[in-house]
Amino acid sequence: MTEHPTGRRTDRPAGLPTGSHDLPVSPELSAFMAGGWAPSPLPADTRVDAHAVTPARRARLSARFPGERLIVPAGELKVRSNDCDHRFRPHSAYAWLTGLTGEDQVGHVLVLEPTGPHGHEAVLHLRPRSPRAEGDQEFHRDRRHGEFWVGRRPDLAEAERLTGIRCAHLDHLGTPTGRRAGTDPELTAVLSELRLVKDAWEIGQLQRAVDHTTIGFEDVVRALPQALAHPRGERWIEGVFGLRARAEGNGTGYDTIAASGAHACVLHWIRNEGRLDPRDLLLLDAGVETDSLYTADITRTLPLSGRFSPVQREVYELVLAAQEAGIAALRPGARFRDFHRAGMRVLAEGLTAWGVLRHPDGDLYRRYTLCGSGHMLGLDVHDCAQARAGTYLDGVLEEGQVLTVEPGLYLQPDDETLPAALRGIGVRVEDDLVITADGARLMSGALPRTPDAIEEWMGTLLAS
Ligand code: GLY
Ligand code: MN
Ligand code: MN
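Thresholds applied
- Residues numbered from 1 in each chain as written.
- Chains lettered and ligands numbered in written order.
- Predicted model: local features only at pLDDT ≥ 70, side-chain atom pairs only at ≥ 80, totals over all residues.
- Heavy atoms only, no water.
- Donors = N, O, S within 2.8 Å, 3.2 Å for Na, K, Ca; no water.
- Tetrahedral: all angles 85-135°; square planar, octahedral: opposite > 155°, others 65-115°.
- Helix = DSSP H or I, 4+ residues; strand = E, 2+ residues; numbered from the N terminus.
- Buried < 20%, exposed > 50% of the residue type's maximum accessible area, 1.4 Å probe, protein only.
- Near = heavy atom within 4 Å.
- Polar contact = N/O pair within 3.5 Å; in protein donor to acceptor, adjacent residues only side chain to side chain.
- Areas by Shrake-Rupley, 256 points an atom, 1.4 Å probe, with all protein chains shown as cover.
- Nonpolar A, V, L, I, M, F, W, Y, C, P; charged D, E, K, R; others polar.
- Phe/Tyr/Trp six-rings, centres within 6.5 Å; stacked < 30°, edge-to-face > 60°.

> Kindly report on the coordination of the manganese ion (ligand 2), identifying the contributing residues and their values.
At this site the manganese ion (ligand 2) is bound by Asp297 (OD), His375 (NE2), Glu406 (OE) and Glu430 (OE), with donor distances of 2.0 to 2.1 Å. Around the manganese ion (ligand 2) sit six donor atoms, and with donor-metal-donor angles ranging over 51 to 157° the site reads as irregular. For the manganese ion (ligand 2), the donor residues sit on a single chain with the sequence spacing D-x77-H-x30-E-x23-E. The two metals, the manganese ion (ligand 2) and the manganese ion (ligand 3), are separated by 3.3 Å and share Asp297 as a common coordinating residue. Taken as a pair, His375 in the loop between α13 (366-369) and β15 (402-405) and Glu430 in the loop between β17 (425-428) and β18 (431-435) lie far apart in primary sequence, 55 residues in all. Neither residue differs from the other here; His375 and Glu430 are each classed as buried.

> Tell me about the site of ligand 1, and please be specific about residues and values.
Around ligand 1, the neighbouring residues are Tyr254, His268, Asp285, Asp297, His375, His382, Glu406 and Glu430. Here His382 contributes a side-chain N or O atom positioned 2.6 Å from an oxygen atom of ligand 1. A distance of 3.0 Å separates an oxygen atom of ligand 1 from a polar side-chain atom of Glu406. The protein chains hide 92% of the 200 Å² of surface that ligand 1 would expose on its own. When its residues are assigned to classes, the shell around ligand 1 shows one nonpolar, three polar and four charged.

> How would you summarise the coordination of the manganese ion (ligand 3) if you had to cite specific residues and measurements?
The manganese ion (ligand 3) binds to the protein through Asp285 (OD), Asp285 (OD), Asp297 (OD) and Glu430 (OE), with metal-donor distances spanning 2.1 to 2.3 Å. The coordination sphere of the manganese ion (ligand 3) comprises six donor atoms, whose angles at the metal cover 58 to 171°; the geometry is irregular. For the manganese ion (ligand 3), the donor residues sit on a single chain with the sequence spacing D-x11-D-x132-E. Residue classification places Glu430 among the buried positions, given a relative accessible area of 0%.

> Give a description of the packing of aromatic side chains that names residues and reports values.
In the structure shown here, the tally under the stated rule is eight aromatic pairs. Where Phe139 meets Phe148, the ring centres are 5.2 Å apart and the plane angle is 85°; that geometry is what we call edge-to-face. For Phe139, a relative accessible area of 0% gives the class buried. Taking the relative accessible area as the measure of exposure, Phe148 reaches 42% and is therefore partly exposed. Judged by centre distance (5.0 Å) and plane angle (75°), the ring pair of Phe336 and Tyr392 falls under edge-to-face. Of this pair, Phe336 sits in the loop between α11 (310-328) and α12 (338-353) while Tyr392 sits in the loop between α13 and β15, placing them 56 residues apart in sequence. Side by side, Phe336 and Tyr392 carry an identical accessibility label, which is buried. Every member of this aromatic cluster is reached through a ring pair, and the members are Trp37, Phe139 and Phe148.

Given below as structure tokens:
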């Protein structure tokens, strides 16, 4: 109880996250807030998009841990500063198993309870819709969870209909013992490994992410005149892409890399604070994340003037040749590392032909390529990262896996091993591919990849 400005006693329930500057609430107001609300149920046919595919995913997980309790938390809010939290995004394993992907999943926990020596029952422990009976103040006073502060959540019955999973109140969960995703190494690894091969629904979601990303790249090209005129043109580009990502999906799947000139030689340049120079290239590495949380991961390196200079074109064509060699190595049964090796060989030979390297053997070429040239893609941009080496990095490709192929050359502006004309040029070409029965399908082929096609595409967009 605290003093109300009028001198009357007020009700301030312990533990309710209210702000230091929130006004106290009188008992009269509290009672008034509790009543007079019309029923407002969710439409009876509302389901999460992945409703039909999550039971099979949970069954695959169940089969790997007979007789054991499995705990998969959605995760908790993280403070950004003072009383502002980062936007919440549920853990990918939780989203994959439940189909629940929204910001309202804070603190929720999926538990697979063993039903005997084999099999589990899934129980979703969640914070249901804020109740509105007398004394319940969460709905109008709780800044983190209140319906009038952050929006409505489903009640338990609605959540069961949405997901097809039995639901229980989070308050009844206690501290269950069992294997916990994120801390139990075996469960954590299996949750990554089970996601390596995508089902048809997931491939559809990834294609949607790629298609929205394509539109975002087109938006950026159309916005180049404004970006070139702005003192922080890289930031303008980040904003234009972010608008499309937020309008069409959940946002960007990772921080956009808008790197012009020598900034492109920094692999993850997300400061995006540079001015654009029409004589330079722009390396744009960006991906839209769908509402279902699947992300694209695409890079195009574009001439800011609309035309590649001869030396820019030469570097670009070598990187593209490396990417083509990598893509040609994709097929079921090929080793995951094969496409990387194929691409790197092309780059090493090209660097040798330019006189930068004396021969293509060994690993000295890596001074100019810096990193691996592809990874699995899905709910996370670097998907399935906890999978053990034998199933991923040292494993073989399988039909239904989705991955990026993204070789690059990063020719640092202060690298004295390079001819002056090459210094400060960074080029990456990154596409998203799904492994098919006999090769791979390019999912991001709607974006041009050759220098001629890029120039033509940019010319059309800039004229429109
Ligand atoms: N966008 C990060 C990466 O390409 O891996
Ligand atoms: Mn990538
Ligand atoms: Mn990328």
